[in-house]
Amino acid sequence: QYRILAKEAGKKKAEKYTAFLSVVDSIRFLNVYSNEDTEKRYLFLRLMEINAAGNKLKISSVEDTTMQYFTSPAQVRERITKNLNNPDFYKDTTCFYKVK
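Remember, predicted model here, so these are calculated numbers, not experimental data.

Caption draft 1: Molecular detail of the packing of aromatic side chains. In this structure the tally under the stated criterion is 1 aromatic pair. Pairing F89 with Y90 gives two aromatic rings, centres 5.3 Å apart and planes at 85 degrees, and the pair type is edge-to-face. With a relative accessible area of 4%, F89 lands in the buried category. On the basis of relative accessibility, which here comes to 15%, the residue Y90 falls in the buried class.

The structure is reproduced here in structure tokens:
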């Protein structure tokens, strides 16, 4: 598991998340959920690149929001495997930076 603190520019409070790594057909994904939500809702992020120093991640968000309602990891894996190379399955490429 990974602990993530995310602070957007201009916001005073950092948001807290927990994440874990999944691998589907050699493609890495981060499964992220908020520690502050009363209901666990997952955000699935495809890891596109990790720099050599390990302090910069380039990710794409999985567009399929219905996956958060699946009741088993097998259902999530099946949906991701089916859409792994479908560009419409992803959105918003973003970079994350390690600051500490």
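Caption draft 2: The arrangement of the environment of A9 in detail. Checked against the element boundaries, A9 lands in the loop between β1 (2–6) and β2 (15–24). Sequence-wise, A9 and T71 are 62 residues apart; in three dimensions their C-alpha atoms are separated by 35 Å.

Caption draft 3: Spotlight on the nonpolar core. In terms of nonpolar packing, the biggest core is built from 11 residues, these being V24, I27, F29, F44, V62, M67, V76, I80, L84, F89 and Y90. Elements with a minimum of two residues in this core: β3 (27–34) and α1 (73–83). The residues touching L84, leaving out its near neighbours within four places in the chain, are V24, D25, I27, F29, R46 and Y90. In this structure, L30, V32, L47 and L57 belong to the second largest nonpolar core, which totals 7 residues.

Caption draft 4: Just the side chain of S60, in detail. Topologically, S60 is positioned in strand β5 (residues 56–62). A polar contact of 3.0 Å, which involves the side chain of S60, links it to the side chain of T93. Setting aside residues no more than four positions away along its own chain, S60 makes contact with F44, L45, R46, M48, Y90, K91, D92 and T93.

Caption draft 5: A look at α1. Within α1, the full set of buried residues consists of V76, I80 and N83. Down the axis of α1, the smallest arc covering the buried residues is 75 degrees, so these residues share one side. Those residues of α1 that are exposed and angled more than 90 degrees off the buried face are A74, E78 and K82. Those residues of α1 that are buried are in contact with β2, β3, β4 (42–50) and β6 (90–97).

Conventions and cut-offs
Each residue is numbered by its place in its chain's sequence as written, counting from 1. Thresholds applied to this predicted model are a pLDDT of at least 70 for local features of residues and 80 or more for the giving and counting of side-chain atom pairs; totals over whole chains, interfaces and linings are not thresholded and use all residues. Each side-chain value is worked out from all heavy atoms of the structure, with water and hydrogens disregarded. Pairing of aromatic rings covers Phe, Tyr and the six-membered ring of Trp, with a centre-to-centre limit of 6.5 Å; geometry is then stacked below 30 degrees between planes, edge-to-face above 60, and tilted otherwise. Burial classification: accessible surface area is computed with a 1.4 Å probe over protein chains only, and a residue below 20% of its type maximum counts as buried, one above 50% as exposed, and the rest as partly exposed. Strands are runs of DSSP state E lasting at least 2 residues, helices are runs of H or I lasting at least 4, and numbering of each runs from the N terminus. The term nonpolar core refers to a set of buried residues drawn from Ala, Val, Leu, Ile, Met, Phe, Trp, Tyr and Cys, joined through side-chain atoms within 4.5 Å. When checking whether two residues touch, look at their non-hydrogen atoms; a contact exists if any pair is within 4.5 Å. Polar contact is defined as a pair of N or O atoms within 3.5 Å, subject to the rule that within protein one atom must be able to donate a hydrogen and the other to accept it, and that residues adjacent in sequence are counted only when both atoms are side-chain atoms. Here the arc refers to the set of directions running from the helix axis out to each C-beta atom.

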